[in-house]
Amino acid sequence: MSGRAMMTRRQLLAGPGRGLGLGLGLGLGLRLSLGLRLGLGGLLLAPLRALAAMDRKPIIRQVFATPIEAIPITAQHAALIRLLRVQWMPIESGAPGIDFEQPLLGGPDTLAAARRALKTSDDALVIQRLAEVCRVVPGFVTSAGKLAPGRYTVPAEMKDTFDFPQSGVDAQGGFRLRAEHLTVLRAAVWREAGPQELQAVLREGDRFWPMPMIDGKRPYGDASFYQIDMARLLGEPYPLNARGTAITEAAKDARLKNLHYETLAALQVFLGHAVVRKAKR
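Residue numbering note: each chain is counted from 1, following its sequence as written. It should be noted that, the model being predicted, local features are given only for residues of pLDDT at least 70 and side-chain atom pairs only at 80 or more, the latter also being counted only at that level, while totals for whole chains, interfaces and linings use all residues. Only heavy atoms go into the side-chain values, all of them from the structure, while hydrogens and water stay out.

1. Details of the overall build of the protein
So, point 1. Secondary structure elements follow DSSP: runs of H or I of four or more residues count as helices, runs of E of two or more count as strands, with numbering from the N terminus. In terms of helices and strands, the protein carries nine helices and eight strands.
So, point 2. For every residue, the accessible area obtained with a 1.4 Å probe (protein chains only) is divided by the maximum for its type, and the residue is called buried under 20%, exposed over 50%, and partly exposed between those limits. Residues classed as buried in the protein amount to 51% of the 281 residues present.
So, point 3. At a minimum sequence separation of 6, the contacts of the protein that also span at least 24 residues come to 74%.
So, point 4. All accessible-area figures derive from a Shrake-Rupley calculation using a 1.4 Å probe, and residue coverage is judged against the displayed protein chains alone. Total accessible area on the protein stands at roughly 12700 Å², and carbon and sulfur atoms take up 54% of it. Pairs of residues are marked as contacts when any of their non-hydrogen atoms sit within 4.5 Å.

Next comes the structure, spelled out in structure tokens:
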């Protein structure tokens, strides 16, 4: 894959305010439908690669053709979700997503990491569960997962991902998850791979996965000035002028902007520590 075809991992993982930061990657021209303008979309420009020993295409296509309500979150999904890695996607205002090139902790061989987590050598099962995780992550974050506020530690191997001033992660890798982080994550607008992005991923063999991401343009609702949606969700809406337009203020804008940046670490902590809510009887 050429350097122009896709952003480097270092650029993608630099976080807001560093590397390509908040939207400078737009100059690459990787614009696709449904807001998936970067990341997976870059694969559309990539050369064909050798396929893995097992052809994963029919398995993944079947999973993406299955109605989401027909994919309950099981203990196997939860085991993989706990290993997911986040990355900052610099689309528009930017937002967190799941690392599509190395989605799991434990090394670059995603299938090997998943085999260990699921304690199986059945690659068909591993591919199916990974593809299902691509589908269930949004629902896990918005409703099915449960985690209390508190201090948590981000994975040591991801230290560089959170090495930017607004991450909220301290020098020891600690992060204070607050109720407001959970509120905005619950309301986040997710984008999953559509047919075009999925086809691009399936050309690539085992290396890339059609992982979802939060919409970088309107991450929490309908407002492109995302602080308006954040303020509404947090019960502190901006006042409106006579035309019904929000009256913003610099201090509040900056505070909510920092909270938005902190959702990268908040999402990492949530995925690594949350448990599945028990179904109500």
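Continuing now.
2. A closer look at unusual backbone geometry
So, point 1. Of note, the phi angle at E92 is positive, near 55 degrees, even though the residue is not glycine.
So, point 2. Assignment of secondary structure puts E92 in the loop between β1 (86-89) and β2 (95-98).
So, point 3. Given the relative accessible area of 28%, E92 is considered partly exposed.

3. Let's talk about the nonpolar core
A general feature of soluble globular proteins is that nonpolar side chains tend to end up buried together.
So, point 1. Nonpolar cores are built from buried Ala, Val, Leu, Ile, Met, Phe, Trp, Tyr and Cys residues. Side-chain atoms within 4.5 Å join them into one set. Core analysis: the biggest nonpolar cluster contains 56 residues, and L84 and L271 have the highest contact counts within it.
So, point 2. Among the elements that line this core, the one with the most residues is helix α5 (residues 123-144), at ten residues.
So, point 3. The contact partners of L271, leaving out residues within four places of it in the chain, are I81, R82, L84, V86, I98, V137, F140 and V141.

4. Observations regarding the environment of K146
So, point 1. Along the polypeptide, K146 turns up in strand β3 (residues 145-146).
So, point 2. With 124 residues separating them along the chain, K146 and F270 place their C-alpha atoms 8.2 Å apart.
So, point 3. When near neighbours in sequence (up to four residues on either side) are disregarded, K146 contacts R186, F270, A274, V275 and R277.

5. Section: helix α6 (residues 179-186)
So, point 1. All of the buried residues along α6 are H181, L182, V184 and L185.
So, point 2. If you follow the buried residues of α6, they end up packed against α5, β5 (174-177), β7 (213-214), α8 (227-233) and α9 (250-273).

6. A look at the side chain of T263
So, point 1. Within the secondary structure, T263 sits in helix α9.
So, point 2. Residue T263 is classed as buried on the basis of its relative accessible area of 1%.
So, point 3. Within the local environment of T263, its side chain forms a polar contact with the backbone oxygen of H260, the two atoms lying 2.5 Å apart. Pairing of N or O atoms within 3.5 Å defines a polar contact, subject to two protein rules: one partner must be a possible hydrogen donor and the other a possible acceptor, and residues neighboring in sequence count only if both atoms are side-chain atoms.

7. Overview of the confidence of the model for the protein
One rule of thumb: low pLDDT means the predicted coordinates there are not for detailed reading.
So, point 1. Residue-level confidence of the predictor is summarised by pLDDT, bounded by 0 at the bottom and 100 at the top. Across the protein, the average pLDDT comes to 84, with 80% of residues at or above 70.
So, point 2. The low-confidence segment residues 1-13, where pLDDT is below 50, has 37 contacts with residues more than four positions distant or belonging to other chains.
So, point 3. Scored below 50 in pLDDT, residues 45-52 makes 20 contacts in the model with residues more than four places away or belonging to other chains.

8. Focus: the pairing of strand β4 (residues 150-153)
Along a regular strand, successive side chains alternate from one face of the sheet to the other.
So, point 1. Covered by surrounding structure in β4 are G150 and Y152 only, the residues R151 and T153 on the alternate face being uncovered.
So, point 2. For two strands to be treated as a pair, DSSP must find at least two bridges joining them. Bridge count between β4 and β5: four bridges; the pairing is antiparallel. Paired with G150 across the bridge in β5 is L177.

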